[in-house]
Amino acid sequence: DAPDITEAHPEAPHWLANHFLNSAFRGTFKNKYRQYAVNQIFRAQVAFADYHEARSLTAEYLAKGKPDNPAIRAYFRALARWESCLLNLQIFIDVMNKMKKDLKDEPVFIEGDGTPDQRAYALANTVKHFGSEIFADRHAETDTIPLWLTNTGLKTRTQEVTYIELARLVSEVATAANELQDPRLFARPGDA
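Here is a short report on the structure shown in this document. (Residues numbered from 1 in each chain as written. Predicted model: local features only at pLDDT ≥ 70, side-chain atom pairs only at ≥ 80, totals over all residues. Heavy atoms only, no water.)

Looking at where Ala 80 falls in the secondary structure, it is placed in helix α3 (residues 72-102). Among the residues examined, Ala 80 registers a relative accessible area of 34% and is labelled partly exposed. (Helix = DSSP H or I, 4+ residues; strand = E, 2+ residues; numbered from the N terminus. Buried < 20%, exposed > 50% of the residue type's maximum accessible area, 1.4 Å probe, protein only.)

Following the criterion strictly, the structure yields 12 salt bridges and no others. A salt bridge links Lys 155 to Glu 160; the shortest N-O distance between them is 3.9 Å. One network of salt bridges, in which partners are shared, links Lys 32, Lys 98 and Asp 102. (Salt bridge = Lys/Arg side-chain N within 4 Å of Asp/Glu carboxyl O.)

Let us now look at the environment of Ser 23. Following the sequence through the fold, Ser 23 ends up in helix α1 (residues 15-25). C-alpha of Ser 23 to C-alpha of Lys 66: the two residues are 43 residues apart in sequence and 51 Å apart in space. Beyond its immediate sequence surroundings of up to four residues, Ser 23 is in contact with Thr 28 and Pro 183. (Contact = heavy atoms within 4.5 Å.)

For soluble globular proteins, nonpolar side chains are generally found buried alongside one another. Grouped together as the largest cluster of nonpolar side chains are 45 residues, with contacts concentrated most on Tyr 51, Trp 82, Leu 154 and Leu 166. Only α1, α2 (32-64), α3, α4 (116-128) and α6 (163-180) provide two or more residues apiece to this core. Counting residues per element, this core draws most heavily on α3, which supplies 11 residues. Not counting residues within four places of it along the chain, the set of residues in contact with Trp 82 comprises Ala 2, Tyr 51, Ala 54, Arg 55, Thr 58, Leu 147, Leu 149, Leu 154, Tyr 163 and Leu 166. (Core = buried A, V, L, I, M, F, W, Y, C linked by side-chain atoms within 4.5 Å.)

Turning next to the sheet that holds strand β2 (residues 153-155). Taken in spatial order, the three strands of this open sheet run β1-β2-β3, and their pairing is antiparallel. Only two strands of the sheet have a single neighbouring strand rather than two, namely β1 (148-149) and β3 (160-162). In this structure, β2 lies alongside β3, joined through three bridges in antiparallel fashion. Bridge assignment links Gly 153 to a residue of β3, and that residue is Thr 162. Across the face of the sheet, α4 comes into contact with β2 and β3 while running at roughly 120° to β3. (Pairing = 2+ DSSP bridges. Axes fitted to C-alpha atoms, helices over the stretch in contact; angles between N-to-C directions.)

Attention now moves to the packing of aromatic side chains. Per the counting criterion, the structure on display carries seven aromatic pairs. Pairing Trp 15 with Phe 48 gives two aromatic rings, centres 5.7 Å apart and planes at 70°, and the pair type is edge-to-face. Of this pair, Trp 15 sits in helix α1 while Phe 48 is found in helix α2, placing the two residues 33 residues apart along the sequence. When the ring of Tyr 61 is compared with that of Tyr 75, the centres are 5.2 Å apart and the planes differ by 70°; the resulting orientation is edge-to-face. With Tyr 61 in helix α2 and Tyr 75 in helix α3, the pair connects residues that are 14 residues apart, well separated along the chain. Following the ring pairs from residue to residue traces out a cluster consisting of Tyr 51, Trp 82 and Tyr 163. (Phe/Tyr/Trp six-rings, centres within 6.5 Å; stacked < 30°, edge-to-face > 60°.)

As structure tokens, this is what we get:
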């Protein structure tokens, strides 16, 4: 049950374009904060689109799949979009944490704290490093893919995040991107 969050964030398809227009007419982030903002907006926009495409493809997989014909193509198409969503969220979090560090603020999560943010980040790490883990013989032969879908969410050998938790995380990232699209609304003294 991955919720549709498009109505809560109607500007999502326009964040980057809005940011560039706002930067041209209303003010701009300075120095490295411009880099942080553009990267976060881009990653948020891609993660948001991937989340909704993955949600749609998962519904397609469930509609087409049968015990004797499990709709493998639909499953892997959905899985690819979920992986992309997680990887883009991970990059967003990395950039956000760098910005927070520069501002002497707390990170998005503390390693191993078990929050949905930390677990989603760990899922992305598993996906990102799966090839090197296979190369180093750290996976059993039964570990054919790094991430799989469950009835409640996404899972690796060691971590799981529910669709509801992931929707909340994508929505939080969307809220940040919505603010970042207008540098004057997000700016701290000296940033814009």
